Number of protein chains: 2
Amino acid sequence: MAVAISIAEAMTQASWIRRMFERGTELKAKFGAENVFDLSLGNPFLEPPSQYFDVLRELSERRHEGLHRYMANAGFPAVRDAIAKKLNDNGTFPGLTGDGVIMSVGAGGGLNVALKTILNPGEEVIVLSPHFVEYEFYIRNHGGVPVPVETDENFDIDVETLARGITPKTKGIIVNSPNNPTGRLYPRASVAAMVSLVREREREYGHPIYVLADEPYRELVYVDDVPPSAASLHDNGLLIYSWSKSLSIPGERIGYIAINPRIDDPMVFSSGLTFSTRTLGFVNAPATSQLAVLRLLDVTIDIGWYKQRRDRFLEGLRQAGYDVVTPEGTFYIFPRCPIPDDVAFVNRAIEEKVLLVPGSGFGRKGYFRISYCVDDATTEGAIAALRRVVA
Amino acid sequence: MAVAISIAEAMTQASWIRRMFERGTELKAKFGAENVFDLSLGNPFLEPPSQYFDVLRELSERRHEGLHRYMANAGFPAVRDAIAKKLNDNGTFPGLTGDGVIMSVGAGGGLNVALKTILNPGEEVIVLSPHFVEYEFYIRNHGGVPVPVETDENFDIDVETLARGITPKTKGIIVNSPNNPTGRLYPRASVAAMVSLVREREREYGHPIYVLADEPYRELVYVDDVPPSAASLHDNGLLIYSWSKSLSIPGERIGYIAINPRIDDPMVFSSGLTFSTRTLGFVNAPATSQLAVLRLLDVTIDIGWYKQRRDRFLEGLRQAGYDVVTPEGTFYIFPRCPIPDDVAFVNRAIEEKVLLVPGSGFGRKGYFRISYCVDDATTEGAIAALRRVVA
């Protein structure tokens, strides 16, 4: 065996997204890219805002300032301070200082750093399902055990089911809102009920249960009333953020972990996250991108562009008879399949040259995920094709 | 306990480099930065080459090309192909194609990805010592057991000692040449003897033993005859590279893993490394830096600048009576302490306001490490102070 057994096994179950990517490549070669409607990839479609390119140009002129050297593993102090100020100003973490912000290599890097920092071998981490499958790998990387807990039929938190999922071994809960794949923003009341349950169990078990709020889609929301982060409602809360979606720079790998200032022993936590950033080989978040986001803390891509697509897809899907829960955010829609077998349905859609991801790939059979990071022609072509699929 | 037990324990043994950093901060506050001679940090001193800034400016003008989106996890195909061509042209890996190059988040990221990909729980990885202490964390991250094997009194590979260190559980050997902390470039004959031993043991045990050649200092050499990479001499070889030193951009986190094309099952290996890049949360190497290095494959900072400092420190140290093995590369010198207790010696040096790292921090007592990433004034001040230490 060339590679480790766990790697070889995991690779045989190549992700659905990957399989769709490969089918898509075949189909595009055969029929032409313009005749294939690829809704399988969550790859931000828009270019970064113009200010991002302005910062690159300005950095190209700052040739004598040592900006590309190693910095403290947690990141540039000025960047950490500015993020702390923003999270104070918007009420997420009153009292947060730069010490409580650790710059990360995207949210994927941030989650691995956070999980490495909290997990002893065999401890459990709950993921609210349907969920981004990478979470299971991230948890196992650090000796943890992923415990998927089903949300309800509207993909909202089901506190009774969650109560059965929390055990004395539970060390954390990953809360991804707005959610990939469902697009749901967990309602204020659900998050409050969850936090109250978690707090009760912390007291009962006598140890912290961390809420890891993974919020890379925080700005991609289409409602006015956006509930606070679960990490701000629970004292033992960590907010994991990435600019991949809000600035359309996923290739750059830039994000942060912010520590709720009311956490048990915040300075030890800050040191622990910094230590894990260093020893997992991230070392620090990329310098140029740290400097870029410092200048762009109040900038986002055009959220309206995504909202327009969401609305058009919702309309098209419902007119065709699909059963859809309205997503409040992200660039995903997670409709119910018209037949119970989601894999069969996705294969049927391929005949109409539409690429989808089956719900099985997110731990929920009988559904499929649409990513609407696509242009107008693909939007209209895909809607027409999805109509033919159920005709 | 807020953080994981392993993290809390590791943090109590904060690295020597970190402790020196903190002592340095105190001393600088007390006596003024210009009166403290800090030789403790391996942080490239020079600015990146001017061409690096030219690339940033050019990228600021390419606003409509989707360059900052997700790409394949292994990196941009054009970048991987260009690196493969270079490693063909310079004879490192004849027959290598872009498939065998995986872009990484620096060498720290590359090593973690490589170790994750090869290690089953409990397997051993040999590190030739003295060594960069982070290796031990990297190996343990993925369930491996670090096995330091001493090099000889000139820090050259001692094949007999190595032979005793290799067991049926050995899965890999990290070979860091030029070496941090010694500056040694392992001689051609030593590397050949090591490879011959490893090959013999592979046959005996019936499984591969990977040579992980960690070569971020490859271009920082001060001799004409540079031996080939250990990864090119051993079929089961992986070359791990970073541009942190050669382009002076350690804050940007950009490197690669290249697979010896004669490895067992190269395509499985390529997929495995790509899978680990994805699931460890690196996702991909930063896009902007991938595009930058593509344009700078034949560019380095001024190596002569470092050579001048190496020569000046060697002269100054020897004149003061220090026993020093001439380093052929890196920006480190690893002299013997004039007293057996290296920690006591380093504390004595602090009285003269020189910051060093004791050899204990690299697994070799009785020595100390100098990093000569410093300006002229610090060089001369440090040499004078090191003379006073032994006066």
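All values derive from a computational prediction rather than experimental measurement.

## Comments concerning the overall build of chain A
No. 1: A tally of regular secondary structure across chain A gives 14 helices and twelve strands.
No. 2: A compact globule built from 391 residues would reach a C-alpha radius of gyration of about 21 Å, and chain A, at 21 Å, matches this within 12%.
No. 3: Counting only C-alpha atoms and orienting by the principal axes, one finds that chain A spans roughly 60 × 55 × 55 Å.
No. 4: With 391 residues in all, chain A has 63% of them scored as buried.
No. 5: Of the contacts made within chain A by residues no fewer than 6 positions apart, 74% connect residues no fewer than 24 positions apart.
No. 6: Put simply, chain A shows about 13,800 Å² of open surface, and 51% of that area lies on carbon and sulfur atoms.
No. 7: Averaging the locations of the 41 positively and 48 negatively charged side chains of chain A gives two centres separated by 2 Å.

## A closer look at the packing of helix α3 (residues 50-61) of chain A against helix α11 (residues 287-295) of chain A
For any two helices packed against each other, one specifies the crossing angle of their axes together with the interaxial distance.
All names here are of chain A.
No. 1: α11 packs onto α3 with a crossing angle of 125 degrees between their chain directions and a minimal axis gap of 9 Å. Our classification of the angle between α3 and α11 gives oblique. The hand of the α3/α11 crossing is right-handed. Residue-level inspection shows Y52, V55, L56, E58 and L59 of α3 in contact with α11, the latter providing T288, L291, A292 and R295.
No. 2: Residues of the contact of α3 with α11, tallied by class, amount to six nonpolar, one polar and two charged.

## Some thoughts on helix α5 (residues 106-118) of chain A
No. 1: Across its 13 residues, α5(A) extends 19 Å between first and last C-alpha, which sits within 8% of the 18 Å expected from 1.5 Å per residue.
No. 2: For α5(A), the buried fraction is high: 13 of the 13 residues fall into the buried class.

## Quick word on the interface of chain A and chain B
No. 1: The interface is formed by 75 residues belonging to chain A together with 75 residues belonging to chain B.
No. 2: Interface area for chain A against chain B, summed over the two sides, is near 6,000 Å², with a carbon-plus-sulfur share of 55%.
No. 3: The largest contributions to the chain A side of the interface with chain B come from R63(A), H68(A) and Y70(A), which together make up 12% of the buried area.
No. 4: Taken together, the links from chain A to chain B amount to four salt bridges.
No. 5: Across the pair D54(A) and R63(B) runs a salt bridge, and its minimum N-O distance is 2.9 Å.
No. 6: At the boundary of chain A and chain B, one finds 40 residue pairs in polar contact (both at pLDDT 80 or more).

## A look at unusual backbone geometry
No. 1: Here the amide bond leading from N180(A) into P181(A) is cis, since omega sits at 20 degrees, within 30 degrees of zero.
No. 2: Of note, P181(A) is situated in the loop between β5 (170-175) and α8 (188-205).
No. 3: Unlike most non-glycine residues, D265(B) shows phi in positive territory, near 55 degrees.
No. 4: Positionally, D265(B) belongs in the loop between β8 (255-259) and α10 (266-279).

## Quick notes on the nonpolar core
No. 1: With 72 residues, the main nonpolar core has L238(A), F269(A), L273(A), L238(B), F269(B) and L273(B) as its most contacted residues.
No. 2: Residues V55(A), L87(A), A285(A) and L67(B) belong to the second largest nonpolar core, which totals 68 residues.

## As for the relation of the copies chain A and chain B
No. 1: For the pair chain A and chain B, the superposition axis carries a translation of 0.0 Å, the fit reaches an RMSD of 0.0 Å, and the rotation angle comes to 180 degrees. Such values leave the two copies arranged in the relation of a two-fold axis. Scanning chain A for the C-alpha nearest the rotation axis identifies R57(A), at a separation of 2.4 Å.

## Focus on the sheet that holds strand β11 (residues 357-358) of chain A
The strands that make up a sheet are held in pairs by hydrogen bonds between backbone atoms, and each pair lies either parallel or antiparallel.
No. 1: One open sheet accounts for three strands, arranged β9-β12-β11 (chain A); its pairing is antiparallel. Strands at the two margins of the open sheet, each flanked by one partner only, are β9 (332-333) and β11 of chain A.

## Examining the side chain of N43(A)
No. 1: Relative to the assigned elements, N43(A) resides in the loop between β1 (37-38) and α3.
No. 2: Owing to a relative accessible area of 14%, N43(A) belongs among the buried residues under this scheme.
No. 3: Setting aside residues up to four positions removed in sequence, N43(A) forms contacts with P250(A), C373(A), R69(B) and Y70(B).

## As for the packing of helix α1 (residues 5-12) of chain A against α10(B)
No. 1: At a closest axis distance of 10 Å, the pairing of α1(A) and α10(B) adopts a crossing angle of 90 degrees. Considering the angle they form, α1(A) stands roughly perpendicular to α10(B). Every residue of α10(B) that contacts α1(A) at I7(A), A10(A) and M11(A) is listed here: V268(B), S271(B), G272(B), F275(B) and S276(B).
No. 2: Across the contact of α1(A) with α10(B), the residue classes break down as five nonpolar, three polar and no charged.

## Description of the domain arrangement of chain A
Residue and element names in this part refer to chain A.
No. 1: In terms of domains, chain A is made up of domain 1 (5-48 + 302-389) and domain 2 (70-295).
No. 2: On a C-alpha basis, the centroid separation for the pair domain 1 and domain 2 is 27 Å.
No. 3: The interface of domain 1 with domain 2 comprises 27 residues on the first partner and 31 residues on the second.
No. 4: In this assembly, domain 1 packs against domain 2 so that about 2,400 Å² is buried in total across both faces, 63% of it on carbon and sulfur atoms.
No. 5: Considering only the side of domain 1, the residues that lose the most area to domain 2 are E328, T330 and R364, jointly responsible for 28% of the buried surface there.

## With respect to the environment of K365(A)
Residues and elements named next belong to chain A.
No. 1: Note on placement: K365 falls in the loop between β11 and β12 (368-371).
No. 2: Among the residues examined, K365 registers a relative accessible area of 66% and is labelled exposed.
No. 3: Placed 20 residues apart in sequence, K365 and F345 show a C-alpha to C-alpha distance of 11 Å.

## A few points about the packing of aromatic side chains
No. 1: Under the definition given, this model contains 43 aromatic pairs over all chains.
No. 2: On the basis of an interplanar angle of 70 degrees and a centroid distance of 5.5 Å, the ring pair of F155(B) and F334(B) is categorised as edge-to-face. Of this pair, F155(B) sits in the loop between β4 (145-150) and α7 (159-165) while F334(B) sits in the loop between β9 (332-333) and α13 (342-351), and the two are 179 residues apart along the sequence. As far as the burial class goes, F155(B) and F334(B) line up, both buried.
No. 3: Chaining the aromatic ring pairs together yields one cluster made of F45(A), Y217(A), W305(A), Y306(A), F331(A) and Y332(A).
No. 4: Seen from the ring of F31(A), K353(A) lies directly overhead, with NZ or CZ sitting 4.4 Å from the centre.
No. 5: Of note, R309(B) hangs over the ring of W305(B), and the distance from its end group to the ring centre comes to 3.7 Å.

Conventions and cut-offs
Residues numbered from 1 in each chain as written. Chains lettered and ligands numbered in written order. Predicted model: local features only at pLDDT ≥ 70, side-chain atom pairs only at ≥ 80, totals over all residues. Heavy atoms only, no water. Helix = DSSP H or I, 4+ residues; strand = E, 2+ residues; numbered from the N terminus. Rg over C-alpha atoms; globule rule 2.2 N^0.38 Å. Buried < 20%, exposed > 50% of the residue type's maximum accessible area, 1.4 Å probe, protein only. Contact = heavy atoms within 4.5 Å. Areas by Shrake-Rupley, 256 points an atom, 1.4 Å probe, with all protein chains shown as cover. Lys, Arg positive; Asp, Glu negative; His and termini not counted. Charge placed at Lys NZ, Arg CZ, Asp CG, Glu CD. Axes fitted to C-alpha atoms, helices over the stretch in contact; angles between N-to-C directions. Parallel < 35°, antiparallel > 145°, perpendicular 65-115°, else oblique. Left-handed = near helix turned anticlockwise from the far one by under 90°. Nonpolar A, V, L, I, M, F, W, Y, C, P; charged D, E, K, R; others polar. Expected span 1.5 Å × (residues − 1). Buried area = accessible area lost by both parts, 1.4 Å probe. Salt bridge = Lys/Arg side-chain N within 4 Å of Asp/Glu carboxyl O. Polar contact = N/O pair within 3.5 Å; in protein donor to acceptor, adjacent residues only side chain to side chain. Core = buried A, V, L, I, M, F, W, Y, C linked by side-chain atoms within 4.5 Å. Least-squares fit on C-alpha atoms with pLDDT ≥ 70 in both. Pairing = 2+ DSSP bridges. Domains from an automatic or database assignment. Phe/Tyr/Trp six-rings, centres within 6.5 Å; stacked < 30°, edge-to-face > 60°. Lys NZ or Arg CZ within 6 Å of the ring centre and 35° of its normal.

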